[in-house]
Amino acid sequence: MLPEASASKLGLVIDLDICVGCQACVVNCKEWNTAGYGAPLADDDAMHHLVRVLRLRDGASITVTDGRGSWRPCVLAGAGLDPVGEVEQCDRGREVTVYAALPKGDRGDWMVQKLVEVGVAEIVLVDAERSVVRWDAARRDRGLARLERIVRSAVEQSRRVYVPVVRGPVPANEVLSSVPVAEPGGRTLRDDDTALVIGPEGGWSHTELDLMTDRVDLGDGVLRVETAAVVAATLMLAAGGPR
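None of these values were measured; they are calculated from a predicted model.

(A) Main features of the overall build of the chain. Tallying secondary structure elements over the chain gives 5 helices and 11 strands in all. Counting across all 243 residues of the chain, residues that qualify as buried make up 49%. As presented, the chain carries roughly 12000 Å² of accessible surface, and 48% of it is formed by carbon and sulfur atoms.

Below, the structure is given as C-alpha cells:
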C-alpha cells in the first residue's frame, strides 16, 4: 500500500476508477517510459478518464504504479504525466492466498473486490462437486476478464501498488489435500497460515471431505462464501503482524 506520505488522494489503475471523496490519483502504468525511469506512459483510456471523466486539470497530483510495487508521484501535464519525484518501492509484505468457490450472482464480484482491498496476493477460484456457479471455457474467459477489471478498480480504491493474481477455476480435489480448508470443528488459525480454501454454498461432498488433511475453524456462526473468504484473508493477514 502507498505510504501516507505520498499525499495522493485518488486511486487509478489503467481502467481508471475514481475513489470516493478523492482528488488526486494512482495510475497503474503499463510501463515506465525508459529504462532510466522517465515519464510514465498511461494509455489512451487512462488519459481519457483523467481528462474527460474526472476532469482533472494540468498540475493535478497523480501517483503512478507498475502494479509490481514501484510507484512514483507525478502531475497531469497536457496529454501525459510528468514525474515530480523519484521511483519508490514498497515491500510486498505478507503474501496470502484465498481459494474459494464462486458464489452466485454478484456476490463473487464483491468477494474479489474485498479480498483485493484487504490485501491478498492471490485469489484462486475453486470448482467443487456442489459448486453453484460453473464456467465453461467461453464463460471462464469472460468471467476472468471481468474479475481482472474489478481487481484493478479495487487496487485503485485501496491505494495498493501490487496487483493480485486471479486464476482458476481449479478442481477442488487438486487443493483439498494440500491446502488448509476453512471448516467448522477444525484447529485454530496459526501464525504461519498463508492460504485457506473456502467451500461452495452447497457444501463439500463426502468424497471432498475425505480428501481434507487440515481444517481451520473460522469461529462461531455460519458464514456465506464471500464473507468467509474475507474473514479468512483478514485473519491470515493480521496473523502476520503490523503491515
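Alright, that's what it looks like, and here's the rest.
(B) Local environment of helix H3 (residues 137–158). Spanning 22 residues, H3 covers 31 Å between terminal C-alpha atoms, matching the ideal 32 Å at 1.5 Å per step. Of all the positions in H3, only Gly-143, Leu-144, Leu-147, Ile-150, Val-151, Ser-153, Ala-154, Val-155, Glu-156 and Ser-158 are classed as buried. Looking at the packing, one finds that the buried side of H3 touches helix H2 (107–118), strand E7 (122–127) and strand E8 (165–171). Among the residues of H3, the N-terminal cap falls to Asp-136, whose side-chain oxygen and the backbone nitrogen of Ala-138 are separated by 3.3 Å. Within two residues after H3, Arg-159 carries a phi angle of roughly 60°, on the positive side.

(C) Examining the packing of H2 against helix H5 (residues 225–239) more closely. At a minimum axis separation of 9 Å, H2 and H5 run at an interaxial angle of 10°. On the basis of their axis angle, the class for H2 and H5 is roughly parallel. Where H2 abuts H5, its residues Arg-107, Trp-110, Met-111, Lys-114, Leu-115 and Val-118 lie against Val-225, Glu-226, Ala-229, Val-230, Ala-233, Thr-234 and Leu-237. Of the residues that constitute the contact of H2 with H5, the class distribution is 9 nonpolar, 1 polar and 3 charged.

(D) Representation of the confidence of the model for the chain in the model. Of all residues in the chain, 83% have pLDDT values of 70 or greater, and the mean over the chain is 83. Every residue in residues 7–24 scores below 50 in pLDDT, and together they form 66 contacts with partners more than four places removed in sequence or on other chains. With pLDDT under 50 throughout, residues 32–36 is counted as low confidence; its partners more than four residues away or in other chains account for 12 contacts.

(E) Highlighting unusual backbone geometry. A cis amide bond links Gly-168 to the next residue, Pro-169, at an omega of 0°. Within the fold, Pro-169 resides in strand E8. The backbone phi angle of Arg-159 is positive, close to 60°, even though this residue is not glycine. Looking at the secondary structure, you find Arg-159 in the loop between H3 and E8.

(F) Layout of the packing of H2 against H3. Here H2 crosses H3 at 40°, and the two axes come no closer than 8 Å. Comparing the axis directions of H2 and H3 gives the class oblique. Viewed along their axes, H2 and H3 form a crossing whose handedness is right-handed. Packed against H2, whose contacting residues are Asp-109, Val-112, Gln-113, Val-116 and Glu-117, the element H3 presents Arg-146, Leu-147, Ile-150, Val-151, Ala-154, Val-155, Gln-157 and Ser-158 at the interface.

(G) Expanded view of the pattern of salt bridges. Taken as a whole and judged by the stated rule, the model has 11 salt bridges. We note a salt bridge from Lys-114 to Glu-117, for which the minimum N-O separation is 3.5 Å. Of this pair, Lys-114 and Glu-117 are both found in helix H2, 3 residues apart, which corresponds to roughly one turn of the helix. With a closest N to O distance of 3.4 Å, Arg-140 and Asp-141 form a salt bridge. For Arg-140, a relative accessible area of 33% gives the class partly exposed.

Rules used in this analysis
Residues numbered from 1 in each chain as written. Predicted model: local features only at pLDDT ≥ 70, side-chain atom pairs only at ≥ 80, totals over all residues. Heavy atoms only, no water. Helix = DSSP H or I, 4+ residues; strand = E, 2+ residues; numbered from the N terminus. Buried < 20%, exposed > 50% of the residue type's maximum accessible area, 1.4 Å probe, protein only. Areas by Shrake-Rupley, 256 points an atom, 1.4 Å probe, with all protein chains shown as cover. Expected span 1.5 Å × (residues − 1). Contact = heavy atoms within 4.5 Å. Polar contact = N/O pair within 3.5 Å; in protein donor to acceptor, adjacent residues only side chain to side chain. Axes fitted to C-alpha atoms, helices over the stretch in contact; angles between N-to-C directions. Parallel < 35°, antiparallel > 145°, perpendicular 65-115°, else oblique. Nonpolar A, V, L, I, M, F, W, Y, C, P; charged D, E, K, R; others polar. pLDDT = per-residue confidence, 0-100. Left-handed = near helix turned anticlockwise from the far one by under 90°. Salt bridge = Lys/Arg side-chain N within 4 Å of Asp/Glu carboxyl O.

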